[in-house]
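Structural overview for review
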Amino acid sequence: MTTIGIIIGSTRPGRVGADVAAWVAERARRTDVEVDLVDLATLGLPFLDEPEPAASGIYRHEHTRAWARRVRSFDAVVLVTAEYNGAFPAPLKNALDFLGPEWANLPATVVAYGNSSSGSRAATALLPVLVGLGMLPAGPVLLGLRDRLTEHGLAFLPHDDAAVASALDRLLGLAHALEPLRITRAEPQAPVEAVA
Ligand SMILES: Cc1cc2nc3c(=O)[nH]c(=O)nc-3n(C[C@H](O)[C@H](O)[C@H](O)COP(=O)(O)O)c2cc1C
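Basis of the calculations
- Each chain has its residues counted from 1, following the order in which its sequence is written.
- Residue-level local features of this predicted model are given only where pLDDT is at least 70; pairs of side-chain atoms are given and counted only at 80 or more, and the full residue set underlies all totals for whole chains, interfaces and linings.
- Remark: hydrogens and water are excluded; side-chain values derive from all non-hydrogen atoms of the structure.
- Nearness is defined per residue: one heavy atom within 4 Å of the molecule or strand is enough.
- Distance and chemistry together define a polar contact, namely a pair of N or O atoms within 3.5 Å, with one atom able to donate a hydrogen and the other to accept it when in protein, and with adjacent residues in sequence counting only for side-chain atoms on both sides.
- For the area figures, the Shrake-Rupley method with a 1.4 Å probe applies, and any residue is considered shielded solely by the protein chains shown.
- Of the grid points, spaced at 1 Å and generated over the protein atoms alone, those admitting a 1.4 Å probe that cannot get out make up cavities, while open sets with protein on both sides within 12 Å along at least five of seven lines make up pockets; any residue with an atom within 4 Å of a point is treated as lining.
- If over half the atoms of a molecule are within 2 Å of the grid points of a cavity or pocket, the molecule is regarded as sitting in it.
- Classification convention: Asp, Glu, Lys, Arg as charged; Ala, Val, Leu, Ile, Met, Phe, Trp, Tyr, Cys, Pro as nonpolar; all other residues, Gly among them, as polar.
- UniProt positions are given in the numbering used here, feature names are shortened, and annotations may be inferred rather than shown by experiment.
- Secondary structure elements follow DSSP: runs of H or I of four or more residues count as helices, runs of E of two or more count as strands, with numbering from the N terminus.
- Helix axes are fitted only over the stretch in contact, all axes being lines through C-alpha atoms; the angle between N-to-C directions runs from 0 to 180 degrees.
- Each angle is binned into one of four classes, with values under 35 degrees roughly parallel, values over 145 roughly antiparallel, values of 65 to 115 roughly perpendicular, and all other values oblique.
- Take the far helix as the reference: if the near one is turned anticlockwise from it by less than a right angle, the crossing is left-handed, and if turned clockwise, right-handed.
- Only heavy atoms matter for contacts: two residues are in contact if any of them lie within 4.5 Å across the pair.

- Going by an unreviewed UniProt entry, the chain carries the name NAD(P)H-dependent FMN reductase and comes from Luteimicrobium xylanilyticum.

Set out below in structure tokens:
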């Protein structure tokens, strides 16, 4: 079984992100694929409050260790992101910043959306962050909201299904190829004094 984490990057009430993520999740679920939909609005992560740099893999707080365990269970991840002021939403950056080794060698697909540039600036801004964390970006899916937002809500275009299906195939291929690297990812550590 392959587990794909799908992270909803926006948290505001009435967000489109939850619908985009549900649409991706529906296409990702297969008999051999489990989807773990992560809603940052309810995950309960505060602003980063770990004293050690995340690269150390040493986490003082249980909310961080719980987040680390969850990310470790992913074989691949889809980051569903809005474009906010030319970049991606702050809660998504915060959730990424919380962890270090858990992201390494994790294949990632960005599904970005926005009004003026179809989320391309959000996807572009995310790229160096993902690479810096050692993730393996598999190429973005971009969705322009102007063509897809109707009075009845979000209506995807016929070619969107093909675009996301091909992105998910690529992601799963990478997940399988990288399996030997993934199992060596570090266990989340508590600092010594917190364990005692
Ligand atoms: C704070 C904020 C900034 C935004 N900035 C941009 C932007 O730079 N480019 C763009 O195309 N759309 C921008 N938008 C429009 C959003 O892409 C659009 O509202 C989208 O629905 C937001 O995602 P969400 O509904 O998941 O929060 C912005 C929206 C918000 C709330």
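**Description of the site of the ligand**
- Lining the immediate surroundings of the ligand are 17 residues, of which Ser-10, Arg-12, Val-16, Tyr-84 and Tyr-113 lie closest.
- Asn-115 places a polar main-chain atom, nitrogen or oxygen, 2.8 Å from an oxygen atom of the ligand.
- For the ligand, an oxygen atom lies 3.2 Å from a polar atom in the side chain of Arg-121.
- When the free accessible area of the ligand is taken as 610 Å², the share hidden by the protein chains comes to 77%.
- Judged by its atoms lying within 2 Å of the grid points, the ligand is housed in the largest pocket.
- In terms of residue class, the shell around the ligand is built from five nonpolar, eight polar and four charged.

**Structural notes on the UniProt feature "domain: NADPH-dependent FMN reductase-like" (unreviewed entry) in the chain**
- Under the present numbering, the feature "domain: NADPH-dependent FMN reductase-like" (unreviewed entry) in UniProt falls on residues 3-140.
- Counted over residues 3-140, helix gives 35% and strand 22%. Its end C-alpha atoms are 19 Å apart.

**Description of the packing of helix α1 (residues 17-28) against helix α6 (residues 158-177)**
- One can describe the packing of α1 onto α6 by two numbers: an axis separation of 10 Å at closest approach and a directional angle of 60°. The orientation of α1 with respect to α6, classified from their angle, is oblique. In this structure, the crossing between α1 and α6 has a hand that is right-handed. Residue-level contacts link Trp-23, Val-24, Arg-27 and Ala-28 of α1 to Asp-160, Asp-161, Val-164 and Leu-168 of α6.
- The residue makeup of the contact of α1 with α6, split by class, is five nonpolar, no polar and three charged.

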